[in-house]
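Structural characterization, general
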Amino acid sequence: MRRLLIRRLLLAVPTLLVAATIAFVLAHLAPGSPAVALGGDFGAPGLVEEIARIQGTDRPLAVIYVEWLLRLARGDLGFSFRAQAPVTALIGDRLGVTLVLTLSAALLAMLLGLLLGAATAARKGGRAAVATFALVQALPVYLVAQLLVLVFAVGLGLLPIQGLENPRAPPEGLAGLLADRARHLALPIAALGLGQFGFVALLTRARLREELGRLYVTTARARGAGEATVRLRHALPNALLPLLALFGSRVGALVGGALVVETAFALPGLGRLAVTAAIARDQPTVIGVVLVAALAIVLANLAVDLLQLWLDPRQREAS
Amino acid sequence: MSPVRLVVAMLVLVLSAPFASAQLRGGTAVVAVPSDPGHLNPAITTSAPVQQIAGSIFNGLISLDETGTPRPDLAQSWTIAPDGLRVTFTLVPDARWHDGQPVTAEDVKFTFENLLFRFHARTRAGLAPAVESIDAPEARTVVFRLRRPHAPLLRQLDVLEAPILPRHVYAEGDANQHPANLRPVGSGPFRFESYRQDDSVVLVRNPAYFKAGLPHLDRLVFRVIPDANTQIQALLAGEVDYLVRVAASDVRRLQNRGITLVDTRGGAGGSNCIMTLAFNLERPTLADLRVRRAIAAAMDRNQMLDLILFGRGRVAEAPISSGIPWAHLPGALAAHPIDPALANRLLDEAGHPRGANGERFSIDMFLYATFTRYAELMRQQLAQVGIGLRARFVDAAGLGEAVFARRYFDTTLVSYCNGLDPAIGVRRMYDSTNIGSVPFSNAAAFRNAEVDRHFAAAGATMDEAVRGEHYRAAQRILAAELPYWWLVEANLTTAWRDAFRGFAPWSGSFAEGAQRLR
């Protein structure tokens with residue numbers, strides 16, 4: 001198992017390098033330059049050239065690439081033209097919000113999806129449930145966010161519309177801070193979680209139905225086990241394994257959804273950092289965020305693989 | 001009323017006055033801004049998000065009132081020599097930086113020479129070439145020596161065009177990566193407290209502000225809210241108090257909801273803006289004046305005013321905005337009425353017959369996604385005379401590259417802001433030496449020696465009557481040549497909750513006199 005872990009971690013290095021290089025090329029292929037974005041929009045001869053010289057963006061791309069690679073080897077993601085700060089510091093500032101948002105949303109989607117998927121896996125009926133899950137899955141995250149705001153913030157006045165905290169009355173004490181954050185993050189997490197929930201529910205339901213037709217289920221029922229025990233104790237663990245692998249593949253969608261949710265609720269997360277940086281053609285920041293996202297996907301998939309290995313004796317023996 | 005009662009009444013009035021004004025002091029205003037500033041150094045950028053916030057932290061030498069008339073700011077008075085080559089400013093005696101140091105003439109000289117003339121795009125392009133030197137003979141005296149009379153000078157010295165920064169802070173280090181860019185030290189009504197990127201900037205009242213009694217608010221919080229819909233809902237719910245800019249299509253959602261709506265011609269980010277269609281004159285089809293006249297005749301600009309701006313603006317009457325009355329030429333475009341029949345005839349004459357599908361030819365139009373409604377309307381209007389319009393949506397950097405750097409476009413839809421003086425924001429659109437990679441320069445690649453001459457002459461004299469003559473003469477030529485088609489002058493709508501009064505949305509320092517009522 002340890003050998004596998006080391007092998008997979010070593011494999012992650014070229015994966016990340018390829019992702020980073022693609023991001024580097026794409027970021028520099030986009031029309032415009034950080035110097036033009038900073039120089040403003042009025043005719044001042046020589047200004048853009050002067051800024052480009054100060055930034056070093058007037059040098060050949062190959063030189064910039066090699067320099068960037070050497071820096072990357074030392075764990076340095078470079079300096080943001082727009083924010084005038086190291087990219088690692090910018091990402092560090094934003095990571096917390098995005099992590100809380102995505103992890104809570106993933107947890108919510110998983111719990112809700114497993115529960116409702118299992119509950120509707122009965123042999124008969126359930127078309128309405130499938131339709132509902134599919135509809136929730138198909139709704140764009142932005143629309144879900146707007147609907148939640150309309151109902152819970154504008155309509156019922158229960159939760160704030162935007163932001164991470166109330167600027168008029170900053171919370172006091174740790175308990176106050178946590179309560180305030182929870183109030184502000186409830187709708188964003190719900191919006192992002194609901195987008196993933198339909199997927200989990202549909203898959204759980206389908207997998208469970210498959211398992212419920214198997215002989216061991218009949219055996220369990222014959223032994224007199226209750227329906228809940230049959231589903232949760234016997235069928236669900238077997239249904240869960242392939243589900244886990246698929247959930248690993250959804251990390252990318254989760255990160256993309258976080259970008260939309262952060263914009264709709266005006267939250268200072270990584271997605272917003274990437275968008276503002278892309279508009280300003282702040283290439284080091286864009287590449288940095290892409291790298292972090294790629295790393296998250298690699299790590300999530302690795303975690304899922306290890307979890308599977310741990311849960312499934314067959315795979316453990318095979319490795 | 002008996003004398004005794006009168007005296008008592010007066011006493012009550014006099015005694016209660018301090019309480020009345022105390023009631024209006026204090027409070028927090030939360031301002032929603034659409035984009036994150038990135039940094040807070042207004043002397044090295046013309047970026048609107050920076051100016052919107054930094055305008056409350058810094059001062060200019062002068063400020064501009066609602067009509068664009070110069071008023072004292074850091075300079076309490078100024079004199080212009082009869083030949084127009086020497087302008088002397090006297091600074092207020094008691095202005096101090098937020099760290100306690102006095103504001104001196106040396107700060108002014110340093111800011112212009114080391115920051116504004118190098119990195120502030122508009123001031124570098126529009127003012128630096130006219131200035132021979134800036135001297136600081138005494139602590140409170142600043143003398144501008146000019147190469148030639150420079151009429152727009154005073155309008156280029158407010159906090160948006162020329163904020164004054166402290167020399168003792170910025171003298172050391174690279175201005176573009178200076179730590180103070182993220183924790184600015186100014187002289188303005190509000191002091192910097194904190195900045196969290198993509199979240200908020202918090203400013204607090206400057207108790208030692210040199211304008212006695214100002215500001216009234218205790219805190220000014222700028223919240224970055226990128227989504228326009230979220231901004232509107234947050235304003236209605238009272239989470240924010242002030243929206244810097246409201247789209248005309250959203251105004252109706254705010255009416256009769258306890259919101260004050262004020263239309264202005266400008267503020268941080270541009271003033272006297274005209275939505276303009278620029279023709280790339282280097283493209284053979286569009287180099288033909290008949291085609292440009294046909295496009296102008298095919299477009300119903302009243303529809304744009306009604307359906308897109310909901311009446312909040314005017315159909316453009318001339319190449320120069322009606323917001324600059326002394327230079328504006330009323331009725332300059334009257335010779336181009338809506339006339340689809342004429343458009344069809346002109347296109348036939350120009351050798352563009354309709355094809356099998358009814359289309360004569362098609363052109364592209366580069367624009368921001370926020371102008372989508374214009375593209376939809378224009379596509380319908382141009383289709384009626386057989387011209388296909390393909391919208392190409394780009395962001396600011398993409399527009400700069402496609403239109404100005406590579407000139408890979410047929411037409412582009414741009415909101416050209418004229419500024420307060422044609423020398424600042426109009427000349428750049430037409431001057432034949434200003435065709436190139438700088439965004440929002442001469443997009444059409446229009447070259448006309450006569451127009452160049454008029455703009456040069458108008459910029460080099462102080463006499464507004466003479467300047468106006470030159471600008472009107474230039475507009476007559478432009479109206480005949482149609483390098484652009486000027487569509488509508490859009491009002492800029494600002495909104496705030498009725499709990500506040502005294503905001504000045506046309507000014508860079510919009511919250512200096514604002515009060516919270518309850």
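This text goes with the structure placed above it.
Residues numbered from 1 in each chain as written. Chains lettered and ligands numbered in written order. Predicted model: local features only at pLDDT ≥ 70, side-chain atom pairs only at ≥ 80, totals over all residues. Heavy atoms only, no water.

For the rest of this paragraph, the subject is the overall build of chain A. Assigned secondary structure in chain A consists of 14 helices and zero strands. Secondary structure elements of chain A, listed N to C terminal, follow the sequence α-α-α-α-α-α-α-α-α-α-α-α-α-α. Reported as C-alpha extents along the three principal axes, the dimensions of chain A are approximately 85 × 55 × 40 Å. The buried share among the 319 residues of chain A stands at 43%. In chain A, 73% of the contacts between residues at least 6 apart in sequence involve partners at least 24 apart. Accessible surface for chain A amounts to roughly 15800 Å². Of this, 70% is attributable to carbon and sulfur atoms. Counting 29 positive and 18 negative side-chain charges, chain A places the centres of these two groups 14 Å from one another. (Helix = DSSP H or I, 4+ residues; strand = E, 2+ residues; numbered from the N terminus. Buried < 20%, exposed > 50% of the residue type's maximum accessible area, 1.4 Å probe, protein only. Contact = heavy atoms within 4.5 Å. Areas by Shrake-Rupley, 256 points an atom, 1.4 Å probe, with all protein chains shown as cover. Lys, Arg positive; Asp, Glu negative; His and termini not counted. Charge placed at Lys NZ, Arg CZ, Asp CG, Glu CD.)

Right, let's get into the nonpolar core. Residues and elements named next belong to chain B. One finds Leu61, Phe89, Phe112, Phe144 and Leu157 to be the most contacted residues of the largest nonpolar core, which totals 78 residues. Looking at this core, the element that brings in the most residues is helix 3 (residues 105-119), giving eight residues. Two domains each provide a minimum of three residues to this core, namely domain 1 (24-37 + 188-265 + 493-516) and domain 2 (58-170). Grouped together as the second largest cluster of nonpolar side chains are 72 residues, Leu277, Ala296, Val394 and Phe440 included. (Core = buried A, V, L, I, M, F, W, Y, C linked by side-chain atoms within 4.5 Å. Domains from an automatic or database assignment.)

A word on the packing of helix 5 (residues 87-119) of chain A against helix 8 (residues 173-212) of chain A. At a minimum axis distance of 6 Å, the contact between helix 5 of chain A and helix 8 of chain A shows a crossing angle of 35°. Remark: the crossing between helix 5 of chain A and helix 8 of chain A carries right-handed chirality. (Axes fitted to C-alpha atoms, helices over the stretch in contact; angles between N-to-C directions. Left-handed = near helix turned anticlockwise from the far one by under 90°.)

Another point: the packing of helix 16 (residues 449-459) of chain B against helix 17 (residues 464-481) of chain B. Residue and element names in this part refer to chain B. Close contact between helix 16 and helix 17 brings their axes to 8 Å; oriented N to C, the two are set at 160°. Between helix 16 and helix 17, the angle is such that the two are roughly antiparallel. As for the relative orientation of helix 16 and helix 17, their crossing is left-handed in sense. For the pair helix 16 and helix 17, the contacting residues are Glu450, Val451, His454, Phe455, Ala457, Ala458 and Gly459 in the first and Arg467, His470, Tyr471, Ala473, Ala474, Ile477 and Leu478 in the second. Tallied by class, the residues present in the contact of helix 16 with helix 17 amount to nine nonpolar, three polar and two charged. (Parallel < 35°, antiparallel > 145°, perpendicular 65-115°, else oblique. Nonpolar A, V, L, I, M, F, W, Y, C, P; charged D, E, K, R; others polar.)

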